[in-house]
Amino acid sequence: MNIVDIIEKKRRKETLNFDEIKFAIEGFINGDIPDYQMSALLMAITINGMTKEETFNLTEVMINSGDVISFEDVPGAVVDKHSTGGVGDKVTLVLAPLLASLGIKIAKLSGRGLGFTGGTIDKLESIEGFDVNLSIEQIKAQVNDINIAIAGHTGNIDPADKKIYALRDVTATVESIPLIASSIMSKKIAMGSDMIVIDLKVGAGALMKDLDSARELANLMIEIGKKYNKPTVCVLSSMNEPLGNAVGNSLEVLESIKTLRGNGPSDLLELVMLLACIVIMPIKKVDVDEARTMVFNELNNNKAYKKFLEFVKYQGGNLNKIKISDKVISIRSDKSGYVNGIDALKIGEISVNLGAGRIKKEDSIDYTVGLVLSKKVGDRVEVNDELAKVYVGKKDISINEVKNCFLIEDELIIKEPLVYEIIK
Ligand code: URA
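Description of the structure in this document. (Residues numbered from 1 in each chain as written. Predicted model: local features only at pLDDT ≥ 70, side-chain atom pairs only at ≥ 80, totals over all residues. Heavy atoms only, no water.)

Two modes of strand pairing occur in sheets, parallel and antiparallel, and in both the strands are linked by backbone hydrogen bonds. Read across the open sheet, the six strands follow the order β3-β2-β1-β4-β5-β13; overall the sheet is mixed. Of all strands in the sheet, those with a lone pairing partner are β3 (148–152) and β13 (419–423), marking the two edges. Between one strand axis and the next, the sheet turns by 20° as a mean value, whatever way the strands run. Sheet strands touched by helix α9 (residues 177–190): β1 (78–83), β2 (105–110), β4 (195–202) and β5 (232–238). Its angle to β1, the strand with the most contacts, is close to 160°. (Pairing = 2+ DSSP bridges. Helix = DSSP H or I, 4+ residues; strand = E, 2+ residues; numbered from the N terminus. Axes fitted to C-alpha atoms, helices over the stretch in contact; angles between N-to-C directions. Contact = heavy atoms within 4.5 Å.)

Around the ligand, the structure places H82, Y165, R168, I180, S183, I184, K187 and L207. In the model, an oxygen atom of the ligand is placed 2.9 Å from a nitrogen or oxygen of the R168 side chain. One of the side-chain N or O atoms of K187 is found 2.5 Å from an oxygen atom in the ligand. When the ligand sits alone it has 240 Å² of accessible area, and the protein chains cover 91% of it. (Near = heavy atom within 4 Å. Polar contact = N/O pair within 3.5 Å; in protein donor to acceptor, adjacent residues only side chain to side chain. Areas by Shrake-Rupley, 256 points an atom, 1.4 Å probe, with all protein chains shown as cover.)

Its 13 residues place the ends of helix α13 (residues 288–300) 18 Å apart at the C-alpha level, agreeing with the 18 Å of an ideal helix rising 1.5 Å per residue. A291, V295, E298 and L299 are the residues of α13 that are buried. End-on view of α13: buried residues confined to an arc of 95°, all on one side of the axis. Looking at α13, the residues exposed on the side facing more than 90 degrees away from the buried face are D289 and N300. Packed against the buried residues of α13 are α5 (91–101), α11 (249–260), α12 (266–284) and α14 (303–314). Looking at where α13 begins, the residue whose side-chain oxygen comes 3.2 Å from the main-chain nitrogen of D289 is D287. N302, located one to two residues past α13, shows a positive phi value of around 70°. (Expected span 1.5 Å × (residues − 1). Buried < 20%, exposed > 50% of the residue type's maximum accessible area, 1.4 Å probe, protein only. Arc of directions from axis to C-beta.)

Quick look at the structure:
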């Protein structure tokens, strides 16, 4: 077998068989196939697509490229949650301790932010001392002890995805549906959880720009889940404005704490509530009203918050030392009207430029910077009202650039729903 023939076959839009896919992926991991040949193959796949069978085979090869965790010796169902990435998306920081405090086990590998979306691992690392480098044994022990563990993509779980994703990121091959489906599902299946919930973001600030492609991706991931007997639910949610108000690492941790104490922004709370109910109903065998009541109680009696404190302490973090910048610029509106849109992509980029994210992988992060939106879509604005607070560090911002993220018009346009559909 030879890699040039495999690339050529895909370039001619032919179907690759299991052995060819295995040859390409294994050869790439062990260094026999260089980046430039893998890049060519990824580009051919991005342009010409993959059949379902090819996507299943690619997923299988990726799962088996490293270790696969088994939670068989840990009693109770273990849940994994994934977001395809958004701006201000701190759902995991709220949902995971909430479920854990209800006795539901959650084990999760999370990523760092790259580009305009933030990553859960960066947010957790804004808490001084928080250790994201857990071994498989540590993850299992922690899930057994306190029901929750969140680690970085370390160890030897799905090394194929780690290496391929890094290449996709710099070769314009991230947006391929079969590549995204196999990337997400291979990691989730290798993590060994019993149920997978995916928050699939749709809109300008998301990987999937429209509902049709989001549906295609969701259905493909659900089919992969079925093959491995892992019930998978996809929630298609809007990323047409940042989620919640805070964008930036420490700021998002603080907003998550507020939410865990029953005081969070309504859109964040709505999404957390929905995702939590999807998990709670089958595991606790309750209906939606009972599940909602459980969530309300957990948030309003501080139990979810206490679980968060326990989780942070277990992984070495010290919340007393969380810092936000004390250099704050208030951005005020020049006009009156209604906020009909907030450009999530631009807000994400401004946050990255402030230092909250990386432009290159090796960049370091300023955890203290970011933005807090004072107005959200649907709000009325008068001249000189505050639109946002910007927490600035070493890098400057353009006030107009922030202002221009807000679409303010005379008439209020009916707000799009936060959740478009649930597919399972
Ligand atoms: N998230 C992933 O884990 N993989 C992708 O390919 C895209 C988003």
